[in-house]
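# Chain and residue survey
Listed below are the residues making up each chain.
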Amino acid sequence: MVDKEIAVLLTCHNRKDKTIACLKALYKNEVPNGYTFTVFLVDDGSIDGTEEAVKAKFPKITIIKGNGNLFWNQGMRLAWESAVKVKDYDFYLWLNDDTILNNLALNILESSSLLKQNKAIIVGSTSSFKDDNEITYGGRSLIDGLITPLKEAIACDYFNGNIVWIPKEVYKKAGINDSGFQHALGDFDYGLRAGKLGFKMYIAPGFLGKCDSHENLATWCNPKKTFNQRWKAFRSPLGNNPEEFFIFEKRHKGFTNAIFHYLTNHLRVIYPSLWSKRVIR
């Protein structure tokens, strides 16, 4: 019997300790019977010794060097492109390098996928390190946002990219992350595009890992920051890049919504105190 093969895709930049901890947790996982996995890690210009540490501890990992300007989405694109050049994998697993998988995560993802005939995207939820019941990332509803996992798989509309299991059948039709996004939105966009192509998304039972939330009042809309600081953050891939958000909203929410938020987000940079505090991803 030929093993089913999983390509595990990660990207990292200058957080060696977190990256190593993530990989250690991955390799501690109980691998489902009849499965093997290969890791493709994009090291996006790290200068903190990440590449050397990974090579020393995990010599079988394929490391792809980035130019330091890829950020999350472009890094994941490069990891995925590198994987498909090697072979036609049965599954692709997105994994954030600050996410610590539970020991049974791979088994739960595989069994959840099998229940859906390996034709659906399976999303893993994460909880905070301080509170096992506090959800931080996972499957999302277009109406209610983050969905807390239950004891059985439940449907979602899109997802965060921390733990995402994508079968070959989905990849063959939906492709890889869209090149129009540099950092954020690539995961949201992928799920919504896959949904439009007819693929279902399900949240796996329970929490599959831990990852603290990075959500807070972003610099670009923080009234305590100077205008120059807000504007620089607004234009940054790590901020609320208006052109990328316009592409995303036009594609998934329509032209009117895209124009409205393009204008109001610019106003918010100039007059942040006019808006009440809200969380920006």
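Residues numbered from 1 in each chain as written. Predicted model: local features only at pLDDT ≥ 70, side-chain atom pairs only at ≥ 80, totals over all residues. Heavy atoms only, no water.

Each helix and strand in the protein chain was counted, giving nine helices and 13 strands. For the protein chain, the C-alpha radius of gyration of 19 Å lies close to 19 Å, the compact-globule estimate for 281 residues. Principal-axis analysis of the C-alpha atoms gives the protein chain an extent of 60 × 40 × 40 Å. Counting every position in the protein chain, which comprises 281 residues, the buried fraction comes to 52%. (Helix = DSSP H or I, 4+ residues; strand = E, 2+ residues; numbered from the N terminus. Rg over C-alpha atoms; globule rule 2.2 N^0.38 Å. Buried < 20%, exposed > 50% of the residue type's maximum accessible area, 1.4 Å probe, protein only.)

An order of E9-E8-E11 is seen for the three strands of this open sheet, with the pairing classed as antiparallel. In this open sheet, the two strands that pair with only one neighbour each are strand E9 (145–146) and strand E11 (158–159). Across two bridges, strand E8 (residues 139–141) lies against E11 in antiparallel orientation. Of the residues in E11, the one forming a bridge with Arg-140 is Tyr-158. (Pairing = 2+ DSSP bridges.)

Here the focus is helix H7 (residues 227–235). Looking only at H7, the buried set comprises Arg-230, Ala-233 and Phe-234. Buried residues in H7, looked at end-on, bunch into an arc of 105 degrees, giving them a common side. Looking at H7, the residues exposed on the side facing more than 90 degrees away from the buried face are Asn-228 and Lys-232. In this structure, the buried side of H7 is in contact with helix H8 (242–253) and helix H9 (255–270). (Arc of directions from axis to C-beta. Contact = heavy atoms within 4.5 Å.)

Right, let's talk about the pattern of salt bridges for a bit. Across all of its chains, the model carries 15 salt bridges by this definition. Asp-97 serves as the salt-bridge partner of Arg-15, at 2.6 Å between the closest nitrogen and oxygen. Placement of the pair is Arg-15 in the loop between strand E1 (4–12) and helix H1 (16–28) and Asp-97 in the loop between strand E4 (91–95) and strand E5 (100–101), with a sequence separation of 82 residues. Its relative accessible area of 29% is what places Arg-15 among the partly exposed residues. Asp-88 is the partner of Lys-168 in a salt bridge, and the nearest nitrogen-oxygen pair spans 3.8 Å. One end of the pair, Lys-168, is in helix H5 (residues 168–174); the other, Asp-88, is in the loop between helix H3 (71–86) and E4, and 80 residues separate them in sequence. If you follow the salt bridges from partner to partner, you end up with Asp-88, Asp-90, Lys-168 and Lys-172 in one network. (Salt bridge = Lys/Arg side-chain N within 4 Å of Asp/Glu carboxyl O.)

Our next topic: empty space enclosed by the protein. All chains considered together, the criterion is met by two cavities of 30 Å³ or more. In this structure, the largest cavity encloses a volume near 50 Å³. For the largest cavity, the full set of lining residues is Pro-242, Phe-245, Phe-246, Glu-249, Ala-258, His-261, Tyr-262 and Asn-265. Breaking the lining of the largest cavity down by element, the ones donating at least two residues are H8 and H9. (1 Å grid on protein atoms, 1.4 Å probe; cavity = no way out; pocket = protein on both sides within 12 Å on 5 of 7 lines; lining within 4 Å. Points joined across faces, edges and corners; volume = space filled by probe spheres on them.)

Right, let's get into the pairing of strand E6 (residues 121–127). Counting buried positions along E6 yields seven of seven residues, so the element is predominantly enclosed. Alternating residues of E6 divide into Ile-121, Val-123, Ser-125 and Ser-127 and Ile-122, Gly-124 and Thr-126, and every residue in both groups is buried. Relative to strand E13 (residues 201–210), E6 runs parallel, the two being bridged by six bridges. Across the sheet, residue Thr-126 finds its bridge partner in E13, namely Gly-209. Relative to strand E12 (residues 163–167), E6 is paired through two bridges, and the arrangement is antiparallel. Counterpart to Val-123 in the pairing with E12 is Val-164. As paired strands, E6 and strand E7 (residues 135–137) are joined by two bridges and run antiparallel to one another. Residue pairing in the sheet places Ser-127 in a bridge with Ile-135 of E7.

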